[in-house]
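# Architecture at a glance
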2 protein chains.
Amino acid sequence: MTIEEIAKLAGVSTGTVDRVLHNRGRVSPVTRERVLAIIKEQNFKPNAFARNLKLNKEFRIGVLLPLLHSEYGYWNLIYQGIINAAKELSDLSVKIDVYEFDRQKGGSCFEAGRRMLKNPVDALILAPVCPDDAKLVLAAHPDIDCIFIDTSMPQPHRASSVTQNPYKAGYLAGRMMNLLSPNPGTYAVALTHRAAYNASERARGFKEFCARQEGMRTKTVELNFEGNWGKILEDLYVTTTDIQGVFVVNDSVHRVASHINLIGHRPKTTIIGFDLIVQNRKEMENGIIDCLISQRPEFQGYSAVYQLYRKGILNQQLEKETEIPIDIILPENLSSTESMDYIPRIRS
Amino acid sequence: MTIEEIAKLAGVSTGTVDRVLHNRGRVSPVTRERVLAIIKEQNFKPNAFARNLKLNKEFRIGVLLPLLHSEYGYWNLIYQGIINAAKELSDLSVKIDVYEFDRQKGGSCFEAGRRMLKNPVDALILAPVCPDDAKLVLAAHPDIDCIFIDTSMPQPHRASSVTQNPYKAGYLAGRMMNLLSPNPGTYAVALTHRAAYNASERARGFKEFCARQEGMRTKTVELNFEGNWGKILEDLYVTTTDIQGVFVVNDSVHRVASHINLIGHRPKTTIIGFDLIVQNRKEMENGIIDCLISQRPEFQGYSAVYQLYRKGILNQQLEKETEIPIDIILPENLSSTESMDYIPRIRS
DNA sequence: TCAATTTGCGTGCTCGTTAACACACTTCTA
DNA sequence: TAGAAGTGTGTTAACGAGCACGCAAATTGA
């Protein structure tokens, strides 16, 4: 089926069919209806190759992420997924513009959004870790599609999200903790930085699981890596003598784990944390981390790019909300998740 | 960069550049080298839209799978993944032809391959559960790319694979069994049908893990669902009084689990099996199955289609071997894997 | 040596869609 | 009522690559 065949069937020219297809007016209502009926009847869809050849323009996706080299590489994994998708789609005129911001500094995200205004983009991928800034960025880029990644936020109609439920993830971590270290005692919940949404929700899920179990207590500790966090950790073992395990609510678990190992408490402490960044992989291989929960950061980035591409280039629908499965990583299945988390790669 | 710009730079016509690009001869060696140098220097790649518009032909992927409605739906999950990818790619002229065969009947797979010869295909997705037949099918379809799914086999150069390591999966199942049911005793390993490759490797991995643990024994039982398998299961509990858990090496675990529940042994038996087919989801929700290992069948199918599409339409490279991660599913993360296993869907 | 073939290269049409343009006809507006 | 503005429709030139064809010039063969 081509536009020309549709035109013939409707007794009009291709120009008219085109005007109907793109709602460009200048068509009488009666002709319009006739053409629409035939399009529907023949289940016509414009040829994507011809369309994009004619349009002949890049599809630019703007990406706003926290500083990639901070926070032990979690954001870098997301970035890798985005880059990989972009590489696969480079033949289909998809381009990526990445803008980094400092999530600790208010306004930094907004400022990055302003930089983006200079090279206008057709769609947006946004980690709304600073919700207020994110709202402003969205306001500054009206009418383009946006996908939230890592965290969600109240969504305008044109946005959707790719996220994991952090409460469920924490709850599952509780279950794993209980499996790996079933003796009664205390589990420490280690928070870092000020509580980000994901972090606090994970802590909440974890505690809720523990609260439902007989004889399991939890104790929250705040570890500020700019401060004397080592001391706090050591004190914890002094003040609380029945520590059975430590749950770190983010990807910095490898730092906590190696310190616990250093001060000799590793043998009696089960350690659980998040995400398959290289440092965590290494510490799990070393036997210092028992279990990791993964939120598939690379897949999140990969999936976000593909969704925007399908909407922008192929005119397909956006998923409203994509829920990322909660992966359990033990030493026994670590090797099956090597390098890219689960995305087939192309060689460059 | 277009062919015309390349031509201008090389001081030749587009026809000559085209002949160089497609090795169609009729170009003097010296001109050829000059053009190639410029192509490389400019990093020129032909526009995928223009190319496919001109070629204007469907890319047909032939799919050979065991009977979809047998075996409790595992193959159906693979099928769903394939269908989903095909739906997303239908705008890019990818078409799927599915041929089913009976894996229990020798020659059935080959016969399906012969049916396929009538509507020639451009690429192949093949579950080589009958390796001899698979070899013949490949021989009958020379020169086209092929991806093995579910299981691999010795590969000709033009084939690649999307599979999970079944030994590692069984080994991990052993670990989970030991976590969920740590008391010394016997674990039953339930095989069904005659040992397929994946099944026997999973059993081997599981037993190997157990052999490395103190005080854990394993006992293999063969359950033939056409025979009196219920009786065999009941006898097992009579002859072996310390059964701690049952490991079913495939997706039929829900049948075994509900029978164990029926005969009253569920409370003291940990049950582990494979794959998120609907029946297994339900029995896990009912609390009858403790743990499932998933090999992401939907992703396998999805990924196979996408890889062939990238090779066939976009001229990108095929992955040689894609290793599927080994997923651990517990009741606590079951809901995060709902419906499609991890593939974003488009509405039809 | 000259006809027949081969080699090396350029030309031009085509794929389906888009969007600018042309043009006749109608409806306003002063 | 003339001119302007608006409406409904058809025509056509790209977009970039592929490929058939044409045509010299070079090479072959008897």
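Just above sits the structure.
Let me begin by describing the structure that accompanies this report. (Residues numbered from 1 in each chain as written. Chains lettered and ligands numbered in written order. Predicted model: local features only at pLDDT ≥ 70, side-chain atom pairs only at ≥ 80, totals over all residues. Heavy atoms only, no water.)

A word on the overall build of chain A. Along its length, chain A carries 14 helices and 12 strands. For chain A, the spread of C-alpha atoms along the three principal axes comes to 85 × 40 × 40 Å. Taken across its 348 residues, chain A has 57% of its residues classed as buried. In chain A, of all internal contacts separated by at least 6 residues, the share reaching a separation of at least 24 is 68%. When the accessible surface of chain A is totalled, it reaches about 15100 Å², and 50% of it is carbon and sulfur. Here chain A contributes 42 positive and 40 negative side-chain charges, whose respective centroids are spaced 5 Å apart. (Helix = DSSP H or I, 4+ residues; strand = E, 2+ residues; numbered from the N terminus. Buried < 20%, exposed > 50% of the residue type's maximum accessible area, 1.4 Å probe, protein only. Contact = heavy atoms within 4.5 Å. Areas by Shrake-Rupley, 256 points an atom, 1.4 Å probe, with all protein chains shown as cover. Lys, Arg positive; Asp, Glu negative; His and termini not counted. Charge placed at Lys NZ, Arg CZ, Asp CG, Glu CD.)

Once that is clear, we can look at the pattern of salt bridges. This model, assessed by the stated rule, comprises 34 salt bridges over all chains. With its nearest N and O atoms 3.0 Å apart, the salt bridge here joins Glu323 of chain B to Lys168 of chain B. Taken together, the residues span a long stretch of sequence, with Glu323 of chain B in strand S11 (residues 321–323) and Lys168 of chain B in helix H8 (residues 166–180) at a distance of 155 residues. Overall, the relative accessible area of 23% leaves Lys168 of chain B in the partly exposed class. The structure contains a network of salt bridges with shared partners spanning Glu58, Arg60, Lys95 and Asp97 of chain A. (Salt bridge = Lys/Arg side-chain N within 4 Å of Asp/Glu carboxyl O.)

Turning our eyes to something else, we now look at the protein's contact with DNA strand C. Residues in contact with DNA strand C amount to 25 residues; listed here are only the nearest, Ile3 and Arg51 of chain A together with Ser13, Thr16 and Lys54 of chain B. Taking all atoms of DNA strand C within 4 Å of the protein, the share assigned to sugar and phosphate is 61%. His22 of chain A is positioned such that a nitrogen or oxygen atom in its side chain is 3.0 Å from a phosphate oxygen of DNA strand C. One nitrogen or oxygen atom from the side chain of Arg19 of chain B is found 2.9 Å from a base oxygen belonging to DNA strand C. (Near = heavy atom within 4 Å. Polar contact = N/O pair within 3.5 Å; in protein donor to acceptor, adjacent residues only side chain to side chain.)

We now examine the interface of chain A and chain B. Across the contact, 52 residues belong to chain A and 52 residues belong to chain B. Regarding the contact of chain A and chain B, the summed buried area is about 4700 Å², with carbon and sulfur atoms giving 57% of it. Counting every contact that joins chain A to chain B gives eight salt bridges. Across the salt bridge formed by Glu332 of chain A and Arg175 of chain B, the nearest N and O atoms sit 3.0 Å from each other. Taken together, the connections running from chain A to chain B amount to 20 residue pairs in polar contact (both at pLDDT 80 or more). Those elements that provide at least two residues to the side of chain A that touches chain B are helix H4 (48–55), helix H5 (74–89), helix H8 (166–180), helix H13 (297–312), strand S12 (327–329) and helix H14 (331–334) of chain A. Taken together, the residues that form the side of chain A that touches chain B break down as 27 nonpolar, 10 polar and 15 charged. (Buried area = accessible area lost by both parts, 1.4 Å probe. Nonpolar A, V, L, I, M, F, W, Y, C, P; charged D, E, K, R; others polar.)

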